[in-house]
Amino acid sequence: MSFDLNSISKALNEPNRTESGVDFSGRSLKLDSEQDALPIIEAINACPNLHYLTLTGNTLGVEAAKAIATALSRHPELKVARFSDMFTGRMKTEIPPALSALGDGMIEAGARLSLLDLSDNAFGPIGVEGLAKLLQSEVCSELQELRLNNNGLGITGGRLLAKALSSNTLKLKVFIAGRNRLENDGARALAAVFQSMGSLEELAMPQNGIYHTGIAALSESFRHSPNLEVINLNDNTIGPKGAVSIAAALPRLKKLKSINFGDCLLKSAGAKALAQGIKDHNVLLESIELSHNEIGREACMQMVEALTIQPGAKDRLTRVNLAGNSLGGAANKKIMKDKLGASAELSDGEGSDEEYESESEHSDYQSGASEEDSATEDARHAETSVEEQQDLDRTGIEEVETDIGRFLKDPTLENLNRLGNDVAEVIDAHLQNIKDPESLTVSYVEALCCVWGASEMDSHRKLCRTTIQRAPQQWILANNMLRALQLIKSENKDYKIRWKVPSCYKALAKEIDEAYFPHALRDTLKFFITSKMASLPPEIRSVVEKHPNLYT
């Protein structure tokens, strides 16, 4: 691939251009090394006013990210960083150090971003670790748009993100975080941040498994966001209770133009609550998405009335989607169509009018009951899982009485010595009975740490090599090693550290620079050790400080 840098420079300096930058979107480049990243680096260096950098649709490794970061460190004028879909095929644990490197480059430059897009990068909670420093820095002090769609954040990632955002005086206008399974706890954590900001104009959090309690927290934040124009909570379970909370915030939302509550199980009661709020507070919406919400014909008609009661509604409304609900007969639909004009989308739902109406008539808060039923069902699953686990534990009682079982349960030097000289072979044979690949990796990492923690004289290189070889995916291995070394928290409340962690760091220092040790795993561990150094327990930090190869 070749680039005419003179042409690039000339194009970037055209007098009619109001914004210049570098765009490598959609190239499908696999960038592992500095050499691989050279075309991007050269384009950045050739751009005198780098207002934007777009790397969407390529895949960056750690070394390539570091090289690009060096180029970015010379561009304080950078305003827009579009880094979506940028780590395809990478281990999750490669992403934090790559993100951190790019962030460090912008921090060194003294850039002030207005837009940061990291959507469609499945980095999960540990990715937020690599992002936190950037979000907390002056680079993001003027940030207006943050796009984190489809990042697999989960509840833990949502909390970590909220913590990072709350440590900076941000005034975000746009926040996008769909498809992240934030659930109620993640939504509540972020709602507190939004409430403090009070600056949002657009909020999109579709497909996050949020129920009415999380919706209530978000609704409270809406009351403190008077400039809010767009709310998208599609495919969460708002229900009637959540709809009541949102309706209560409407008096403060004088600029609200667009609502997307499709597939939110509003039911008739929820739709009526929203309709009443829209009507009472003269909310002049331009578009509303309420499809597939099990809304009956009476509630649909009330919504249409609320949307069209103000003069000029036909000219103002661009889209009103009530498809997939019960709209009644042809006469009802004609009335709705006449009132809504071209904005109407009114195809019928699969259920009958009688089904939807009877549900709302019997219980205005049927959705709340459904949530309780769902919670009960989740509890049953949890109880079953515990019972199954107890069964598994009981089946292992005899096994624990063997030498290997005794050692893995109580990893002392005495119990280790009982295994003889071929510790790696004994453990390998013992663990090969585990069929699930991820569980196998977890067990190997725990066994390795038990050995490392029990014996400071021998780092058992063979067992370390076997642990690495047995891992089906390197990101699973890295995630479990980070957890075992107390560099990240376990989301499993039953997870227990049985081994001496400081001794594990001593052993790791002997292995981490060996040729067999994966380069990406080495970079990931060093990144987390370095970033967590100040917060490590004193007994661990004192060991790490004696082994610079763990963090430099």
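Figured I'd write up the structure that's included with this text. (Residues numbered from 1 in each chain as written. Predicted model: local features only at pLDDT ≥ 70, side-chain atom pairs only at ≥ 80, totals over all residues. Heavy atoms only, no water.)

What follows covers the sheet that holds strand β11 (residues 258-260). With respect to topology, 12 strands assemble into an open sheet ordered β1-β3-β5-β6-β7-β8-β9-β10-β11-β12-β13-β14, the strand pairing being parallel. Because the sheet does not close on itself, it has two edges, and the strands there are β1 (21-23) and β14 (344-345). Relative to strand β12 (residues 287-289), β11 is paired through 3 bridges, and the arrangement is parallel. Among the inter-strand pairings, I259 is bridged to a residue of β12, identified as I288. (Pairing = 2+ DSSP bridges. Helix = DSSP H or I, 4+ residues; strand = E, 2+ residues; numbered from the N terminus.)

Quick look at empty space enclosed by the protein now. Under the criterion given, the structure shown has 3 cavities of 30 Å³ or more. Of the volumes computed, that of the largest cavity is approximately 50 Å³. Lining of the largest cavity is provided by F83, L99, L102, G103, M106, L116, L118, L131 and L134. For the lining of the largest cavity, the secondary-structure elements that each account for two or more residues are α4 (95-109) and α5 (124-136). (1 Å grid on protein atoms, 1.4 Å probe; cavity = no way out; pocket = protein on both sides within 12 Å on 5 of 7 lines; lining within 4 Å. Points joined across faces, edges and corners; volume = space filled by probe spheres on them.)

Next up on the list: the packing of aromatic side chains. With the rule as written, the count across this model stands at 4 aromatic pairs. With a centroid separation of 6.4 Å and an interplanar angle of 75 degrees, the aromatic rings of Y495 and W499 are classed as edge-to-face. The pair formed by Y495 and W499 is uniform in burial state, with each residue classed as buried. The side chain of R27 reaches across the aromatic face of F24, ending 4.6 Å from its centre. (Phe/Tyr/Trp six-rings, centres within 6.5 Å; stacked < 30°, edge-to-face > 60°. Buried < 20%, exposed > 50% of the residue type's maximum accessible area, 1.4 Å probe, protein only. Lys NZ or Arg CZ within 6 Å of the ring centre and 35° of its normal.)

With that settled, the discussion passes to the nonpolar core. In terms of nonpolar packing, the biggest core is built from 109 residues, with I68, F83, L116, F175, M205 and F261 touching the most fellow members. For this core, the element with the most residues is helix α11 (residues 297-308), which contributes 7 residues. Non-local contacts of F175, meaning those with residues more than four positions away in its chain, are made with L146, L161, L165, L190, F194, L200, E202, L203, A204 and M205. Ranked by size, the runner-up nonpolar core spans 54 residues in total, among them I427, L431, A471 and L550. (Core = buried A, V, L, I, M, F, W, Y, C linked by side-chain atoms within 4.5 Å. Contact = heavy atoms within 4.5 Å.)

Per the stated rule, a full pass over the model turns up 25 salt bridges. E220 serves as the salt-bridge partner of R223, at 3.6 Å between the closest nitrogen and oxygen. Given a relative accessible area of 34%, E220 falls into the partly exposed group. Put simply, E446 and R498 hold a salt bridge, and the shortest N to O gap is 3.5 Å. Here E446, found in helix α20 (residues 437-454), pairs with R498, found in the loop between α22 (474-484) and α23 (501-511); they are 52 residues apart in sequence, far enough to count as distant. (Salt bridge = Lys/Arg side-chain N within 4 Å of Asp/Glu carboxyl O.)

Further remarks concern the side chain of R316. Mapped onto the elements of the fold, R316 is located in helix α12 (residues 313-316). The buried charged residue R316 lacks any salt bridge partner; its closest oppositely charged side chain belongs to E286, at an N-O distance of 6.5 Å. Separated by 3.1 Å, the side chain of R316 and the backbone oxygen of L307 make a polar contact. In this structure, R316 is in contact with L284, L285, E286, L307, Q310 and P311, ignoring residues within four places of it in sequence. (Lys, Arg positive; Asp, Glu negative; His and termini not counted. Polar contact = N/O pair within 3.5 Å; in protein donor to acceptor, adjacent residues only side chain to side chain.)

Here we come to the packing of helix α9 (residues 239-249) against helix α10 (residues 267-280). In the contact formed by α9 and α10, the axes pass within 8 Å of each other and the chain directions differ by 5 degrees. Classed by the angle they form, the pair α9 and α10 counts as roughly parallel. Contacts between α9 and α10 pair P240, A243, V244, I246 and A247 from the former with K267, A269, G270, A273 and L274 from the latter. (Axes fitted to C-alpha atoms, helices over the stretch in contact; angles between N-to-C directions. Parallel < 35°, antiparallel > 145°, perpendicular 65-115°, else oblique.)

For α22, a buried count of 8 out of 11 residues is recorded, marking the element as mostly surrounded by other parts of the structure. The complete set of buried residues in α22 reads I476, L477, A478, N480, M481, L482, R483 and A484. Along its buried surface, α22 packs onto α20, α21 (461-470), α23 and α24 (519-532). Within two residues after α22, Q486 carries a phi angle of roughly 60 degrees, on the positive side.

This part is about unusual backbone geometry. Residue D120 is not a glycine yet carries a positive backbone phi of 60 degrees. Looking at the element boundaries, D120 is found in the loop between β6 (115-117) and α5. A relative accessible area of 40% means that D120 is categorised as partly exposed. For K267, which is not a glycine, the phi torsion comes out positive at approximately 65 degrees.

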